[in-house]
Amino acid sequence: MSNETTTTGPAPTIYVPSMAALSTVLAHGARPRRPSPLSASLTFGWRALLKVKHVPEQLVDVTAFPIIMVLMFTYLFGGALADSPRDYLQFFLPGIMVTSVVMITMYTGVGLNTDIEKGVFDRFRTLPLWRPAALVGMIFGDVLRYVLAAVVILGVGLALGFRPGGGLLGVLGGIGLLVVFSFAFSWVWTFFGLVLRSEKSVMGVSMMVLFPLTFLSNVFVDPATMPGWLQAFVKVNPITQLVASVRAVMSGTSDASSTMWALVWSAGLTVVFGILTMYRYNRR
Amino acid sequence: MSRRNTGLAIEAEGLTRSFGATRALAGVDLQVPAGTVYGLLGPNGAGKTTTVRVLATLLRPDGGRARVFGHDVVTEADAARARVSLTGQYASIDEDLTGLENLVLLGRLLGYRKPASRERAQHLLTAFGLTEAADRQVKRYSGGMRRRIDIAASILNTPDLLFLDEPTTGLDPRSRSQVWEIVRAVVAHGTTVLLTTQYLEEADQLAGRIAVVDHGKVIAEGTPGELKSSVGSGTVHLRLRDPGQRPEAERLLRTALAGSVQLEPDPVALTARVGGHGSDLDASKQAARALRDLARAGIVVDNFALGQPSLDEVFLALTDHPAVPTEAERDEQLEAAR
Ligand SMILES: Nc1ncnc2c1ncn2[C@@H]1O[C@H](COP(=O)(O)OP(=O)(O)OP(=O)(O)O)[C@@H](O)[C@H]1O
Ligand SMILES: [Mg+2]
């Protein structure tokens with residue numbers, strides 16, 4: 001578990017507070033100016049990275065889980081839905097990449113909820129800072145996890161025979177779109193992370209939202225095979241728009257309407273849930 | 001060279017706050033003079049943390065007003081935040097990070113550049129005796145070290161007002177006196193400290209003034225001396241050799257101390273209050289006189305202790321109810337709930 005071993009060296013010297021030493025640190029000259037919103041957010045992002053350094057187990061969520069998803073679905077559906085797993089993968093990989101990364105966004109809410117339970121946010125909230133910085137920074141940290149997950153999935157896909165027509169640029173463009181959307185979607189979870197009482201209930205709500213959203217979409221199969229009422233839902237589902245645009249970009253074409261909708265959804269989610277989140281954050 | 005504050009650091013009028021059906025604050029009034037240690041004394045659930053959270057801009061009051069150095073904590077929260085700092089009852093430090101990382105992180109958030117915030121962090125770690133633990137995760141710190149790093153983080157920017165919510169609860173006597181020394185240094189420097197505690201002794205040691213809080217209200221306010229003399233300045237605990245002599249001992253103590261004497265469940269034990277109102281003798285002299293009277297009457301005392309009034313005794317005197325339910329009352333409540 002721990003990477004430090006406890007050593008029983010010489011007994012630690014007993015701390016005796018010294019008035020002189022304390023008054024030196026108390027008198028330390030002028031206070032600096034408060035940091036800019038960007039610099040404060042980046043500092044909080046740095047905190048997220050430090051946490052990854054100390055608790056590397058967190059990365060299991062963003063590596064092992066996506067790998068399992070890709071392998072499982074490629075071989076489960078590949079033969080049935082396409083001529084071979086390899087053919088299916090050309091269609092399926094962008095979709096499973098979106099699904100996995102969007103699923104990972106829920107850890108933003110879980111993480112925020114635990115941080116708040118522990119009281120760390122009490123200190124942050126008494127600092128004279130641009131208020132959203134703590135949350136924006138936290139999501140910056142999460143964005144790195146999204147990129148990592150996307151890259152891992154891409155790696156597995158390439159190994160299994162995924163050959164994107166759009167080349168490197170197409171792949172980068174697809175991952176870019178996905179990360180923009182996931183950043184926006186994370187605000188949904190910061191809101192629930194603040195509103196709900198426990199880590200468990202945040203998990204529960206996340207699952208209830210994420211399962212229908214990712215499965216009732218064009219990720220696994222072509223919506224043309226679905227009944228009309230389901231097609232109607234699938235069509236308005238933002239995940240469908242996102243998958244369509246990522247798929248197009250990665251295959252070297254473009255789907256202007258889907259891309260636009262994916263971006264509109266991103267902007268809308270950020271604004272609506274960003275505002276709701278900040279309202280709750282200030283009100284607690 | 002220290003910044004002296006004049007006037008009031010905190011003014012609160014009629015603060016109320018409920019959580020569902022629980023009325024945590026039922027109209028708290030406070031006036032905390034700048035440059036002093038002010039103690040909020042109260043039992044579990046009295047509303048100490050809620051008061052601190054309102055004053056530290058973390059929680060909105062349902063009613064009433066509070067100002068910190070003249071800034072309203074609701075409408076001018078940002079200006080208030082620039083002057084205050086909080087060490088919460090539960091760790092307000094990131095346990096996954098090391099002590100050094102925590103301080104550097106805060107330094108950056110307060111606007112220090114990276115080298116400056118590292119330097120400042122190192123100085124603080126040295127002054128707080130944490131140099132050796134600098135690169136260890138805070139979750140591996142002892143309770144006393146945790147408190148120290150938490151307070152170090154709170155004075156990183158030398159705030160004008162520092163909130164310490166039960167800074168010594170759960171600490172051993174040595175760690176407790178270390179925290180006390182730190183608090184003394186902080187206030188000597190000119191920072192106002194609002195300290196909550198469940199221990200009269202702690203408030204007595206540190207605070208210039210104390211507000212006693214119960215059921216979300218301030219029920220008494222004054223200097224430690226004023227509060228204690230309203231209660232009696234101490235208590236004697238006696239154990240006799242012969243339980244048969246207890247009635248006689250009780251009678252003698254009542255006359256000698258002119259105060260209340262309580263018979264304990266233990267048939268040889270008695271507790272008496274000394275140094276109550278209007279007495280011009282100090283507690284030890286009164287106790288000595290009582291002992292002499294007992295000896296003259298041939299009553300053998302096996303064990304004798306003179307103590308400060310406990311929070312419980314202050315509470316009994318102020319409210320006619322004990323601060324915490326006694327064992328028997330708790331059993332009764334449990335029984336009733338069944
Ligand atoms: N977030 C909350 N939700 C519900 N009830 C709360 C909340 N915070 C405090 N309370 C209730 O308000 C009352 C006052 O609590 P508070 O924490 O202010 O007391 P305290 O004096 O700090 O006690 P302690 O010595 O145990 O820390 C308690 O009855 C508590 O249960
Ligand atoms: Mg409390």
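Reading guide: rules and limits
Residue positions are given per chain, counting from 1 as you read along its sequence in written order. Ligands are numbered from 1 and chains lettered from A, in the order in which they are written. Where totals are concerned, whole chains, interfaces and linings use all residues; where local detail is concerned, this predicted model gives features only for residues with pLDDT of at least 70, and gives and counts side-chain atom pairs only at 80 or more. Only heavy atoms go into the side-chain values, all of them from the structure, while hydrogens and water stay out. Pairing between two strands requires that DSSP report at least two bridges joining them. Counting from the N terminus, the helices are the DSSP runs of H or I reaching at least four residues and the strands are the DSSP runs of E reaching at least two. All axes here are fitted lines through C-alpha atoms, helices being fitted over the stretch that makes contact, and every angle between N-to-C directions spans 0 to 180 degrees. The contact criterion used is simple: two residues touch if any of their non-hydrogen atoms lie within 4.5 Å. Burial here depends on accessible area, computed with a 1.4 Å probe over protein chains only, as a share of the maximum for the residue type. Under 20% is buried, over 50% is exposed, and the range in between is partly exposed. Nitrogen and oxygen atoms within 3.5 Å of one another constitute a polar contact, given that in protein one can donate a hydrogen and the other can accept it, and given that sequence-neighbouring residues count only through two side-chain atoms. Note on terminology: a nonpolar core comprises buried Ala, Val, Leu, Ile, Met, Phe, Trp, Tyr and Cys residues joined through side-chain atoms within 4.5 Å. Only centres within 6.5 Å qualify two rings of Phe, Tyr or Trp (six-membered ring in Trp) as a pair; their planes then separate them into stacked at under 30 degrees, edge-to-face at over 60, and tilted for everything else. Charge-over-ring contacts are defined here by two conditions on Lys NZ or Arg CZ: a distance within 6 Å of the ring centre and an angle within 35 degrees of the ring normal. Whether a residue is near a molecule or strand is decided by its heavy atoms; if any one of them lies within 4 Å of it, the residue is near. Accessible areas in this description were obtained via Shrake-Rupley with a 1.4 Å probe; residue shielding takes into account the shown protein chains only. Three categories are distinguished: nonpolar for Ala, Val, Leu, Ile, Met, Phe, Trp, Tyr, Cys and Pro, charged for Asp, Glu, Lys and Arg, and polar for the others, with Gly belonging to the last. Confidence per residue, as judged by the predictor, is encoded in pLDDT with a range of 0 to 100. When two parts are brought into contact, each loses some accessible area as probed by a 1.4 Å sphere; the total of that loss over both is the buried area. A carboxyl oxygen of Asp or Glu within 4 Å of a side-chain nitrogen of Lys or Arg is what we treat as a salt bridge.

1. Considerations on the sheet that holds strand β8 (residues 192–197) of chain B
Residue and element names in this part refer to chain B.
- Overall, mixed pairing links the six strands, which are arranged β6-β7-β8-β3-β9-β10 in an open sheet. If you trace the sheet from one side to the other, it starts and ends with β6 (84–87) and β10 (217–222), each paired once. Neighbouring strand axes in the sheet, compared pairwise and without regard to direction, differ in orientation by 20 degrees on average.
- As defined by bridge partners, strand β3 (residues 37–41) adjoins strand β9 (residues 209–214) across four bridges and the pair is classed as parallel. Paired with Leu41 across the strands is Val212, a residue of β9.
- Across the sheet, helix α5 (residues 143–154) lies against β6 and β7 (161–165), angled at about 170 degrees from β6, the strand it touches most.

2. Thoughts on the environment of Tyr15 of chain A
- With respect to the element layout, Tyr15 of chain A can be found in the segment before α1 (19–26).
- Classification of Tyr15 of chain A as buried rests on a relative accessible area of 10%.
- For Tyr15 of chain A, the contacting residues outside a window of four places in its chain are Leu22 of chain A together with Ala127, Phe128, Gly129, Arg148, Gln178 and Ile182 of chain B.
- In terms of polar contacts, Tyr15 of chain A uses its side chain to reach the backbone carbonyl oxygen of Ala127 of chain B, at 2.8 Å.

3. Some thoughts on the nonpolar core
- Counting 123 residues, the largest nonpolar core has Met97, Phe121 and Phe185 of chain A together with Leu103, Phe128 and Val193 of chain B as the members making the most contacts within it.
- Residue contributions to this core peak at 14 residues, all from helix α7 (residues 133–160) of chain A.
- Apart from the residues lying within four places of it in its own chain, the contact partners of Phe128 of chain B are Tyr15 and Leu22 of chain A together with Arg148, Ile151, Ala152, Ile155 and Ile182 of chain B.
- The next biggest cluster of nonpolar side chains, apart from the first, holds 30 residues, and it includes Leu25, Leu40, Leu59 and Val84 of chain B.

4. Description of the packing of aromatic side chains
- Scanning the entire structure with this criterion turns up 18 aromatic pairs over all chains.
- Note on Tyr88 of chain A and Phe92 of chain A: the rings are 4.8 Å apart at their centroids and 15 degrees apart in plane angle, and the pair reads as stacked. Taken together, the residues span about one helical turn, with Tyr88 of chain A and Phe92 of chain A both in helix α4 (residues 85–104) at a distance of four residues. By the burial criterion, Tyr88 of chain A is buried, and Phe92 of chain A matches it.
- A centroid spacing of 4.8 Å and a plane angle of 15 degrees characterise the contact between Phe215 of chain A and Phe220 of chain A, whose relative ring orientation is stacked.
- When its relative accessible area of 33% is taken as the criterion, Phe215 of chain A is described as partly exposed.
- Since its relative accessible area comes to 7%, Phe220 of chain A is described here as buried.
- Grouped by ring-pair contacts, the aromatic residues Phe73, Tyr88, Phe91, Phe92, Phe211, Phe215 and Phe220 of chain A constitute a single cluster.
- Taking the ring centre of Phe69 of chain B as reference, the NZ or CZ of Arg83 of chain B above it sits at 4.2 Å.

5. Brief notes about the site of ligand 1
Residue and element names in this part refer to chain B.
- Not every one of the 14 residues close to ligand 1 is listed here, only the nearest: Gly45, Lys48, Thr49, Thr50 and Glu166.
- Within the backbone of Gly45, an N or O atom sits 2.7 Å from an oxygen atom of ligand 1.
- Contact between ligand 1 and Ala46: an oxygen atom at 3.1 Å from a main-chain N or O atom of the residue.
- About the coverage of ligand 1: the protein hides 63% of its 630 Å² of free accessible area.
- Secondary-structure elements contributing two or more residues to the shell around ligand 1 are β2 (22–33) and α1 (48–55).
- At three residues, α1 tops the list of elements feeding residues into the shell around ligand 1.
- Along the lines of polarity and charge, the residues of the shell around ligand 1 split into four nonpolar, eight polar and two charged.

6. Focus on the sheet that holds strand β5 (residues 71–72) of chain B
Residues and elements named next belong to chain B.
- Sheet architecture is open: four strands sit in the order β2-β1-β4-β5, paired in antiparallel fashion. The two strands at the open ends of the sheet, each matched to only one other strand, are β2 and β5.
- In this structure, strand β1 (residues 8–19) lies alongside β2, joined through nine bridges in antiparallel fashion. Each bridged residue has a counterpart across the sheet, and for Glu11 the counterpart in β2 is Gln31.

7. Considerations on the confidence of the model for chain A
- The predicted model of chain A has a mean per-residue pLDDT of 88, with 95% of residues at 70 or higher.
- Counted against residues more than four places away or in other chains, residues 1–5 of chain A, with its pLDDT under 50, gives five contacts.

8. Notes on the interface of chain B and chain A
- On the chain A side, the residues contacting the 61 residues of chain B number 44 residues.
- Roughly 4,700 Å² of surface becomes buried between chain B and chain A when both sides are summed, with 58% attributable to carbon and sulfur atoms.
- Together, Leu58, Arg81 and Leu109 of chain B form the three largest contributors to the area buried by chain B at its contact with chain A, with a combined 14%.
- Summed over the shared surface of chain B and chain A, the result is eight salt bridges.
- Residue Lys51 of chain A is joined to Asp94 of chain B by a salt bridge in which the shortest nitrogen-to-oxygen separation is 2.9 Å.
- In this assembly, chain B and chain A are joined by 21 residue pairs in polar contact (both at pLDDT 80 or more).
- Listed by contribution, the elements that provide at least two residues to the side of chain B that touches chain A are α2 (77–81), β6, α3 (99–109), α4 (114–127), α5 and α6 (173–188) of chain B.
- If you tally residues by element for the side of chain B that touches chain A, the top one is α6 of chain B, at seven residues.
- Its residues assigned to classes, the side of chain B that touches chain A comprises 26 nonpolar, 14 polar and 21 charged.

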